[in-house]
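Structure assessment
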There are 2 protein chains.
Amino acid sequence: MINKLVDKIKKTNAPIVVGLDPMLSYVPEHITKKAFDELGETPAGAAEAIWQYNKAIVDATYDLIPAVKPQIAMYEQFGVEGLKTFQKTVDYCHEKDLVVIGDVKRGDIGSTSAAYATGHLGKVQIGSKSYSTFDEDFATVNPYLGTDGIKPFVDVCKEEKKGIFILVKTSNPSSGEFQDRMIDGRPLYEWVGEKVAEWGADCMGDSYSYVGAVVGATYPEQGKILRKVMPKSFILVPGYGAQGGKGADLVHFFNEDGLGAIVNSSRGIICAYKQDKYKDMGITAENFADASRKAVEDMIEDISGALANR
Amino acid sequence: MINKLVDKIKKTNAPIVVGLDPMLSYVPEHITKKAFDELGETPAGAAEAIWQYNKAIVDATYDLIPAVKPQIAMYEQFGVEGLKTFQKTVDYCHEKDLVVIGDVKRGDIGSTSAAYATGHLGKVQIGSKSYSTFDEDFATVNPYLGTDGIKPFVDVCKEEKKGIFILVKTSNPSSGEFQDRMIDGRPLYEWVGEKVAEWGADCMGDSYSYVGAVVGATYPEQGKILRKVMPKSFILVPGYGAQGGKGADLVHFFNEDGLGAIVNSSRGIICAYKQDKYKDMGITAENFADASRKAVEDMIEDISGALANR
């Protein structure tokens, strides 16, 4: 799957991923109204509204991008109905040949971590049959529990040719509370980064490992260091746009081959229709997905431009 | 909810929690056969088998215990159908007046963390209505992302009078890889423990905080230190039984009032019927839940005995 991701990035010339993190407040009123008219102001109604919203955004952008990153929390808050929409979204993105990064940030140990890996990346055995359940291509994973938490994911990745992105240095303001603490002269995130390289060393695709890392766009200096610590790991970079990251800040997350990183934008794309910039172009809530397409084009230009000029 | 947990521990004299972490291989054949006959070897069939298994164990033990801890990964691996059983299990345990600790180990930032908190502990707003979705009483949370990840949970806890247990020192062999690393002369888990005490300070129940910690039974020395670092935090202690922890090792997780900790056992209770000890008492797969009841009684005796003898 890391090979597919690399191929698609090369084909689209777009090292970006669209974060499908829908808040109900993002969804234009004509969509929520229709869903609530049909299903009521219920979890099923909310899930239907989000599904229609996602579908329109995917339809408007899928030919420009290699991958999407649905954030499961936004679905999980609506319970089982929300998770049905999560699954429908993953399946629909696969129909559109997109790589799906499940932003699930799971992390546990032993058989429990194996169960998460099975549910999100693998196949669950039921009697004589086996099923792919949520079936993302990549999942994000939390490293706090150490190798016992990561190994079961790596095992499933090897078997299924799928991948993970391990949290190393997150994009939020307080990420330094623990991640920046100095241990033997180096911050914790560097030690985690070294482990990522180690965990990924024996499950390599053609040029990059199945085991990648998450490093926030908001920390470009750390990204520069971590790029060197984990040369064969793809870096998933959240925090672009709404959280403050800009294309020019991100060049050091990439290797010399112009690969090795994929930058996520969520609100900046899926909620683009609320920005003055796109409103001024005549976009309204009715054709919100056109704004998302334009925002993807602008993001590609920003990042590709920065990479070309480095 | 921390007050309810304390009350129920006092009433049952049982500072224990039953981990409802069902593997399909734990479920006796007569249950899986019936479920598969009805629903096929499908996720729905597996989910039905697990539901019947859980229900029998809860029915056999609920009067002896204050709380249960369903491990969501074991349900999530079966996708949406599995999560329906998770929800049914939570609801059924509430009918039996049990405190439900959702072992979800979620952790993200900002609005994403808020969505997890909403989905598991709070109420989600949909138009003019609001809904409790998974509706556990406590959830486990990962601290790697710092305050930005924890604060949204604390906010919901304050509003709903619910609680969280934050991973501090986990029970697994490799937990030391990051958690034991020394920072300014003290291991990372102590720094995390200090933060737990800080986060919990302004959301107190009568005697304990809504914000607790997870510290593995397999690390009694660390438990002794962390007990002092977080005097007002309840400690959820996994790793008893199958992972090697014993009652006598656990006394230092408790405060002088005999409270402050709750010890989890999962496999040792739900899968007791497979142990020679209970087989020798004439228990078979048919009356597997009787073994679970006996295992709960034995665990209470072990821990209460150790507390009485300290």
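About the thresholds
Residues numbered from 1 in each chain as written. Chains lettered and ligands numbered in written order. Predicted model: local features only at pLDDT ≥ 70, side-chain atom pairs only at ≥ 80, totals over all residues. Heavy atoms only, no water. Helix = DSSP H or I, 4+ residues; strand = E, 2+ residues; numbered from the N terminus. Buried < 20%, exposed > 50% of the residue type's maximum accessible area, 1.4 Å probe, protein only. Contact = heavy atoms within 4.5 Å. Areas by Shrake-Rupley, 256 points an atom, 1.4 Å probe, with all protein chains shown as cover. Lys, Arg positive; Asp, Glu negative; His and termini not counted. Charge placed at Lys NZ, Arg CZ, Asp CG, Glu CD. Buried area = accessible area lost by both parts, 1.4 Å probe. Salt bridge = Lys/Arg side-chain N within 4 Å of Asp/Glu carboxyl O. Polar contact = N/O pair within 3.5 Å; in protein donor to acceptor, adjacent residues only side chain to side chain. Least-squares fit on C-alpha atoms with pLDDT ≥ 70 in both. UniProt positions renumbered as here; feature names shortened; annotations may be inferred. Pairing = 2+ DSSP bridges. Axes fitted to C-alpha atoms, helices over the stretch in contact; angles between N-to-C directions. Phe/Tyr/Trp six-rings, centres within 6.5 Å; stacked < 30°, edge-to-face > 60°. Lys NZ or Arg CZ within 6 Å of the ring centre and 35° of its normal. Disulfide = S-S within 2.5 Å. Left-handed = near helix turned anticlockwise from the far one by under 90°. Nonpolar A, V, L, I, M, F, W, Y, C, P; charged D, E, K, R; others polar.

What follows deals with the overall build of chain A. Looking only at helices and strands, chain A features 13 helices and twelve strands. Along the three orthogonal principal directions, the C-alpha set of chain A runs to about 60 × 55 × 35 Å. A buried classification covers 64% of the 310 residues belonging to chain A. Contacts in chain A between residues at least 24 apart in sequence constitute 73% of all its contacts with a sequence separation of at least 6. Surface summary for chain A: the accessible area is close to 10700 Å², and the carbon and sulfur share equals 50%. Across chain A, the mean location of the 35 positive side-chain charges is 2 Å away from that of the 43 negative side-chain charges.

How big an interface is tends to be stated in terms of accessible area lost as the parts join. Of the residues lining the interface, 71 residues belong to chain B; the matching set on chain A comes to 71 residues. Taken together, both faces of the contact between chain B and chain A bury some 5700 Å²; the carbon and sulfur share is 61%. Together, E41, Y144 and F178 of chain B form the three largest contributors to the area buried by chain B at its contact with chain A, with a combined 16%. If you look at where chain B meets chain A, you find eight salt bridges. With its nearest N and O atoms 3.4 Å apart, the salt bridge here joins D184 of chain A to R181 of chain B. Taken together, the links from chain B to chain A amount to 37 residue pairs in polar contact (both at pLDDT 80 or more).

A word on the relation of the copies chain B and chain A. The transform that puts chain B on chain A rotates by 180° and translates by 0.0 Å along the axis, for an RMSD of 0.0 Å. Considering both components of the superposition, the chain copies are consistent with a two-fold axis. For chain B, the residue whose C-alpha comes nearest the rotation axis is I183 of chain B, separated from it by 2.7 Å. When you check the interface residues of chain B against chain A, 100% turn up at the interface there too, and the contact is symmetric in its surfaces.

Before going further, it helps to spend a moment on the pattern of salt bridges. By the definition in use, this model includes 52 salt bridges over all chains. D135 of chain B is paired through a salt bridge with K162 of chain B; the nearest N and O atoms lie 2.6 Å apart. Residue D135 of chain B is found in the loop between β5 (129-132) and β6 (138-141), and its partner K162 of chain B is found in the loop between α7 (147-160) and β7 (163-169); the two are separated by 27 residues along the sequence. One continuous salt-bridge network, built from bridges that share partners, spans K69, D103 and K105 of chain A together with D108 of chain B.

Turning next to the UniProt feature "active site" (unreviewed entry) in chain A. Under the feature "active site" (unreviewed entry), the UniProt entry names K105 of chain A. Tracing the sequence through the fold places K105 of chain A in strand β3 (residues 99-106). Not counting the four nearest positions on each side in its chain, K105 of chain A is found in contact with Q71, T140, V141, N142 and L167 of chain A together with K105, G107 and D108 of chain B. Within the structure, K105 of chain A has its side chain in polar contact with the side chain of D103 of chain A (distance 2.9 Å).

Hydrogen bonds along the backbone pair up the strands of a sheet, which may run parallel or antiparallel. Residues and elements named next belong to chain A. Spatially, β1-β2-β3-β6-β7-β10-β11-β12 is the arrangement adopted by the eight strands of the closed barrel, whose pairing is parallel. Where strand β10 (residues 211-215) meets strand β11 (residues 235-237), two bridges bridge the pair, whose relative direction is parallel. In the sheet register, V214 faces β11, and the bridge partner there is L236. Against the sheet, helix α13 (residues 288-308) contacts β1 (16-18) and β12 (261-265), and its axis sits at roughly 155° relative to β1.

Let us now look at the side chain of Q71 of chain B. Tracing the backbone through its elements, the reader meets Q71 of chain B in the loop between β2 (67-68) and α4 (73-76). Overall, the relative accessible area of 1% leaves Q71 of chain B in the buried class.

In this section: the packing of aromatic side chains. The final tally for this structure, using the stated rule, is 16 aromatic pairs over all chains. Feature note: the residues Y53, Y273 and F288 of chain A constitute an aromatic cluster, connected by ring pairs. Over the ring of Y62 of chain B we find K96 of chain B, and its NZ or CZ is 4.5 Å from the ring centre. The positively charged end of R181 of chain B is found above the aromatic ring belonging to W191 of chain A, 4.2 Å away from the centroid.

On to unusual backbone geometry, then. Even without being a glycine, K161 of chain A presents a positive backbone phi close to 55°. Relative to the elements of secondary structure, K161 of chain A occurs in the loop between α7 (147-160) and β7 (163-169). Under the relative-accessibility criterion, K161 of chain A is labelled partly exposed at 48%. Positive phi outside glycine occurs at D97 of chain B, with the angle close to 60°. Here D97 of chain B is to be found in the loop between α5 (79-95) and β3 (99-106).

Per the counting criterion, the structure on display carries zero disulfides over all chains. Unpaired in terms of disulfides, C157 of chain A finds its nearest cysteine sulfur in C203 of chain A, a separation of 6.6 Å.

A packed helix pair is summarised by two numbers, namely the angle formed by the two axes and the spacing between the axes. Residue and element names in this part refer to chain A. Running from amino to carboxyl end, helix α2 (residues 29-39) crosses helix α3 (residues 43-61) at an angle of 140°, the nearest separation of the two axes being 8 Å. As α2 runs across α3, the sense of the crossing is right-handed. Residues I31, T32, A35, F36 and L39 of α2 form the contact with α3, whose participating residues are A44, G45, A46, E48, A49, Q52 and Y53. For the contact of α2 with α3, the per-class residue count stands at eight nonpolar, three polar and one charged.

Residues and elements named next belong to chain B. Strand order in this closed barrel of eight strands is β1-β2-β3-β6-β7-β10-β11-β12, and the pairing throughout is parallel. Where β2 meets β3, two bridges bridge the pair, whose relative direction is parallel. Within β3, the residue paired with A67 across the bridge is V99. On the sheet, helix α6 (residues 110-121) packs against β3, β6 and β7 and is oriented at approximately 155° with respect to β3. Contacting β3, β6, β7 and β10 (211-215), α7 runs over the sheet at an angle of about 150° to β7.

Another point: the pairing of β10 of chain B. Residue and element names in this part refer to chain B. Counting buried positions along β10 yields five of five residues, so the element is predominantly enclosed. Strand direction decides the pairing type here: β7 and β10, joined by five bridges, are parallel. Looking at β10, one finds that K169 is bridged to V215.

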